[in-house]
Amino acid sequence: TSERKLFLQFVWARNRLPLKESDFDAPFKIQKDTKFIQEDGDYPLPSASTCFFSLTLPQYPDKETLKRKLLFAIENVTTMESDYVTNDVEVGEGWRGL
């Protein structure tokens with residue numbers, strides 16, 4: 001699905017898994033973010049380290065919050081090459097559109 005591709009792009013900077021297990025550079029890891037424990041109910045977004053194929057998650061109060069925050073993060077990810085969010089038009093036009 002498109003959400004799976006977005007997730008892979010977010011955590012690994014690729015939108016497909018390799019064909020062979022031996023092609024993985026590192027195993028996928030999920031880590032707990034202990035720096036951002038919120039008491040006011042405003043939780044930060046998940047973060048990822050694409051070089052290490054890892055996802056760092058704050059301790060959300062429930063699965064619905066986790067899903068909402070993760071979907072927002074993967075759908076609004078910033079590209080590795082620059083500090084702006086791309087969309088289909090920008091990708092199609094490349095740097096000429098800027």
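Given the structure is predicted, the values throughout are model-derived calculations rather than measurements.

A few points about the overall build of the chain
For the chain, the count of helices and strands is three helices and three strands. Expressed as a percentage of the 98 residues in the chain, the buried residues total 21%. Pairs at least 24 apart in sequence give 53% of the contacts found in the chain among residues at least 6 apart. As displayed, the chain offers around 7,700 Å² of accessible surface, 52% of which is attributable to carbon and sulfur atoms.

Quick notes on the pattern of salt bridges
For the structure shown, the criterion picks out one salt bridge. Between R14 and D25 there is a salt bridge, with the nearest N and O atoms lying 3.8 Å from each other. One end of the pair, R14, is in the loop between α1 (2-12) and β1 (29-33); the other, D25, is in the loop between α1 and β1, with 11 residues separating them in the sequence. The exposed category is assigned to D25, whose relative accessible area is 65%.

Points about unusual backbone geometry
Unlike most non-glycine residues, A13 shows phi in positive territory, near 60°. For A13, the position within the fold is in the loop between α1 and β1. What makes A13 partly exposed here is its relative accessible area of 27%. Positive phi values are uncommon outside glycine, yet F53 reaches one of about 50°. Note on placement: F53 falls in the loop between β2 (47-49) and β3 (54-58).

Some thoughts on the nonpolar core
L8, F10, V11, W12, Y43, F53, L55, L57, Y60, L70, A73 and I74 form the largest nonpolar core, which has 12 residues in total. Listing elements by their share of this core, those giving two or more residues are α1, β3 and α2 (63-75). Of all the elements, α1 adds the most residues to this core, at four residues. If we skip the residues at most four places from it in the chain, F53 touches L8, V11, W12, F24, A26, P27, F28 and K29.

What counts, and where the lines are drawn
Residue positions are given per chain, counted from 1 along the sequence in the order it is written. Note on the predicted model: pLDDT of at least 70 is required for a residue's local features to be given, and 80 or more for side-chain atom pairs to be given and counted; whole-chain, interface and lining totals, by contrast, use all residues. Calculation of side-chain values draws on the structure's entire complement of heavy atoms; hydrogens and water are dropped beforehand. The helix and strand labels rest on DSSP assignments: H or I over at least four residues marks a helix, E over at least two residues marks a strand, and numbering proceeds from the N terminus. Think of it in three bands: with a 1.4 Å probe and only protein chains considered, a residue is buried below 20% of the maximum accessible area for its type, exposed above 50%, and partly exposed in between. Only heavy atoms enter the contact rule, under which two residues are in contact if any of them lie within 4.5 Å. Each accessible area is a Shrake-Rupley estimate made with a 1.4 Å probe; only the visible protein chains count as cover when residues are assessed. By definition here, a salt bridge exists when the distance from a side-chain nitrogen of Lys or Arg to a carboxyl oxygen of Asp or Glu is within 4 Å. What makes a nonpolar core is a set of buried Ala, Val, Leu, Ile, Met, Phe, Trp, Tyr and Cys residues whose side-chain atoms join them at distances within 4.5 Å.

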